[in-house]
Amino acid sequence: MNIIYQTARDFETEALVRLYHSVGWESGDYPERLRRAIEHSDFVISAWDEERLVGLGNVLADGGGMICYVPYLLVDKQYQGLGIGKVMLDRICEQYRDYMRIDLISYADKVPFYERAGFRSDPSSVGMMRCQNGYGNRVKEE
């Protein structure tokens, strides 16, 4: 298997939906919003197995070098455990190496992955979100 990494952000909507649904993420239920969100990200890294999109990470940055946020980092369920997520996260961290902080929200079972990459939780803070317009109705599938 030869995984190719790219920074282009023009994806076929169907490829995004398939990837997001492969991990049970509700974002795939909003194909046009998802496509626009990725297109308007400050940085995108994707992983490809030939023509198949198998991984994606994106970043929103403040532009001032203070904080950037990683809304999505996901790898197709069939490709997990092969180091694809690590490569994408390493490239994000390299791209934003001059920023003061890289933030993200992790599912509890993925915390060790991020800790190995140098991320840590801050016990004095809690990640919060406000879901709107019908989003956030599904619980992450195990």
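Residues numbered from 1 in each chain as written. Predicted model: local features only at pLDDT ≥ 70, side-chain atom pairs only at ≥ 80, totals over all residues. Heavy atoms only, no water.

**Re the packing of aromatic side chains**
Piece 1. Scanning all chains against the criterion turns up 9 aromatic pairs.
Piece 2. With a centroid separation of 6.0 Å and an interplanar angle of 10°, the aromatic rings of phenylalanine 11 and tryptophan 48 are classed as stacked. Highlighted residues: phenylalanine 11 in the loop between strand E1 (3–6) and helix H1 (13–22) and tryptophan 48 in strand E2 (residues 43–49), separated in sequence by 37 residues. Assigned by exposure class, phenylalanine 11 and tryptophan 48 land together as buried. (Phe/Tyr/Trp six-rings, centres within 6.5 Å; stacked < 30°, edge-to-face > 60°. Helix = DSSP H or I, 4+ residues; strand = E, 2+ residues; numbered from the N terminus. Buried < 20%, exposed > 50% of the residue type's maximum accessible area, 1.4 Å probe, protein only.)

**Side note on a negative patch on the surface**
Piece 1. Among the surface-exposed residues, Glu12, Glu14, Glu50 and Glu51 lie close enough to one another that they form a single negatively charged patch.
Piece 2. Mapped onto the secondary structure, glutamate 14 falls in helix H1.
Piece 3. Of the residues examined, glutamate 14 reaches a relative accessible area of 58% and is grouped as exposed. (Patch = residues over 30% accessible without salt bridge, like charges linked within 9 Å, V, L, I, M, F, W, Y side chains within 5 Å. Areas by Shrake-Rupley, 256 points an atom, 1.4 Å probe, with all protein chains shown as cover. Salt bridge = Lys/Arg side-chain N within 4 Å of Asp/Glu carboxyl O. Lys, Arg positive; Asp, Glu negative; His and termini not counted. Charge placed at Lys NZ, Arg CZ, Asp CG, Glu CD.)

**Points about helix H3 (residues 84–95)**
Piece 1. Here H3 spans 17 Å end to end across 12 residues, near enough to the 16 Å set by a 1.5 Å rise per residue.
Piece 2. Here H3 has its buried residues at Ile84, Gly85, Met88, Leu89 and Ile92. Across the axial projection of H3, the buried residues extend over an arc of 125°, all falling on one side.
Piece 3. For H3, the secondary structure elements touched by its buried residues are E1, E2, strand E3 (52–61), strand E4 (67–75) and helix H4 (111–116). (Expected span 1.5 Å × (residues − 1). Arc of directions from axis to C-beta. Contact = heavy atoms within 4.5 Å.)

**A look at the environment of arginine 91**
Piece 1. Take arginine 91: it is sitting in helix H3.
Piece 2. With 13 residues separating them in the primary sequence, arginine 91 and leucine 104 have C-alpha atoms 15 Å apart.
Piece 3. Among all residues touching arginine 91, those that are not within four sequence positions of it are Tyr5, Phe43 and Ile45.

**A closer look at the side chain of aspartate 49**
Piece 1. Mapping aspartate 49 onto the fold places it in strand E2.
Piece 2. Among buried charged residues, aspartate 49 stands out as having no salt bridge; its nearest opposite-charge side chain is arginine 52, 6.5 Å away.
Piece 3. Among the polar contacts listed, one links the side chain of aspartate 49 to the side chain of tyrosine 79, at a separation of 2.7 Å. (Polar contact = N/O pair within 3.5 Å; in protein donor to acceptor, adjacent residues only side chain to side chain.)

**Here's the deal with the packing of H1 against helix H2 (residues 31–39)**
Each packed pair of helices is defined by two parameters, the angle between the axes and the distance between the axes.
Piece 1. Viewed as axis vectors pointing N to C, H1 and H2 meet at an angle of 100°, and their least axial separation amounts to 9 Å. Judged by the angle between their axes, H1 and H2 are roughly perpendicular. Judged by residue contacts, Thr13, Leu16, Val17 and Tyr20 of H1 engage Pro31, Glu32, Leu34, Arg35 and Ile38 from H2.
Piece 2. A per-class count over the contact of H1 with H2 returns 6 nonpolar, 1 polar and 2 charged. (Axes fitted to C-alpha atoms, helices over the stretch in contact; angles between N-to-C directions. Parallel < 35°, antiparallel > 145°, perpendicular 65-115°, else oblique. Nonpolar A, V, L, I, M, F, W, Y, C, P; charged D, E, K, R; others polar.)

**Notes on H2**
Piece 1. Listing the buried residues of H2 in full gives Leu34, Arg35 and Ile38. The buried residues of H2 all sit within an arc of 100° when viewed along its axis, so they share a single face.
Piece 2. Where H2 is buried, its residues touch H1, E2, E3 and E4.

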